[in-house]
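Each chain, written out:
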Amino acid sequence: MREFDGSNSARHGQVVILGGSAEARDLAMRLGERARLWLPARDRVTGQGASDHAVLTEFSRTADALVLAPHPCDVASLKLGARVAAQTGVHSLTLARPEWRPTSRDQWIILRSARDAASRIPAGSRVLVTLGRQALPDLRALRHAYLYVRQLTDHDDAFPLPYGRYLHGSAPFTLAQEIALMRRFRIDAVLTRNAGGPGGWPKIAAARALGVPVYMVARPRGAAGPVVPSVEAAMNWLEARLWLDA
């Protein structure tokens, strides 16, 4: 497939991408000047002005397609994109990498939300948490475990929960690093989301190797439009739907 330029298209082929994932950035690069990438607030270096809903609605009304490609577990962005797609009537597509799937060697306990962890994780557990700082309010009831909450940026903020601490580190992490970390802190449970993709997989593989159970928060549902698993599939959809010369 050639890189997109849209020069032979019967339509302008403008595409708004609600980003946040690596795939969103890859798609924006493939589309070049025909793409407008909108990042969730936490992913911006500086603010982008008006509210997300107002700007996305304005962008989408003048675009030919809206692609939802936030982090697969970013509930707020997925809901925002679905709402804007419904209000504007623009062609919409969700780009979401495939979910992780457990094997017979994995010990997964599926949770509907992070809040369910409090009723499922046993008392006295030492838990590696990789949900992001924004999810910590959902863990307030998890007072019977000690939480090691991974952070990918350095900061000196006080830990907001009764028992636990932050673990600072820079991704990507290797399988060997994840095994070493779990042994060092005597981790006996992992609490994470089903993000899919290779970046977060080493911690899942480490838990498997050490026989540690994984409390896996399921992905949210309610995508806008059809769902594709890759940037290439998104380009094919855009080409077919918008007659892009891609």
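Before reading on, note that the structure itself is shown above.
Here goes a summary of the coordinates provided. (Residues numbered from 1 in each chain as written. Predicted model: local features only at pLDDT ≥ 70, side-chain atom pairs only at ≥ 80, totals over all residues. Heavy atoms only, no water.)

### Concerning the sheet that holds strand E2 (residues 35-38)
We apply this condition: Strands are treated as partners if at least two bridges between them are detected by DSSP. Secondary structure elements are defined from DSSP: runs of H or I of at least 4 residues count as helices, runs of E of at least 2 residues count as strands, and each element is numbered from the N terminus. Note on contacts: a residue pair qualifies if any of its non-hydrogen atoms lie within 4.5 Å across the two residues. An axis is simply a line fitted to the C-alpha atoms; with a helix, the fit covers only the stretch in contact. Between two such axes, the angle follows the N-to-C directions and lies from 0 to 180 degrees.
Taken in spatial order, the five strands make up an open sheet running E2-E1-E3-E4-E11, and their pairing is parallel. Looking at strand neighbours, the two that pair on one side only are E2 and strand E11 (227-228), the edges of this open sheet. Pairing between strand E1 (residues 15-18) and E2: four bridges, direction parallel. Its bridge partner lying in E2, Val-15 is registered against Ala-35. Here helix H3 (residues 75-88) sits on the sheet and contacts E1, strand E3 (65-68) and strand E4 (91-95); the angle it forms with E3, its principal contact strand, is near 165°. Where helix H7 (residues 231-242) meets the sheet, it contacts E1, E3, E4 and E11, and its direction lies at approximately 170° from that of E4.

### As for the side chain of Ser-77
Tracing the sequence through the fold places Ser-77 in helix H3. Leaving out residues up to four positions away in the same chain, Ser-77 has contacts with Leu-18, Pro-40 and Pro-70.

### A short note on helix H2 (residues 52-61)
This is how the line gets drawn: Throughout, exposure labels follow a simple rule: accessible area from a 1.4 Å probe, protein chains only, divided by the maximum for the residue type, with under 20% read as buried, over 50% as exposed, and the rest as partly exposed.
Those residues of H2 not exposed but buried are Val-55, Leu-56, Thr-57, Phe-59 and Ser-60. Those residues of H2 that are buried are in contact with E1, E2, E3 and H3.

### Comments concerning the pairing of strand E9 (residues 189-193)
In the case of a regular strand, side chains alternate between the two sheet surfaces. Just so we agree on the cut-off: If the strands point away from the viewer and the path from the first strand over the helix to the second runs clockwise, then the crossover is right-handed.
Buried residues dominate E9, accounting for five of its five residues. Residue alternation in E9 divides its side chains into two sets, Ala-189, Leu-191 and Arg-193 and Val-190 and Thr-192, and both sets are buried. Examined bridge by bridge, strand E6 (residues 126-129) and E9 share three bridges and lie parallel to one another. Its bridge partner lying in E9, Val-129 is registered against Leu-191. Bridge count for E9 against strand E10 (residues 214-217) is four bridges, and the pairing is parallel. Note on E10: the bridge partner recorded for Val-190 is Val-214. The handedness of the E9 to E10 crossover, carried by helix H6 (residues 201-210), is right-handed.

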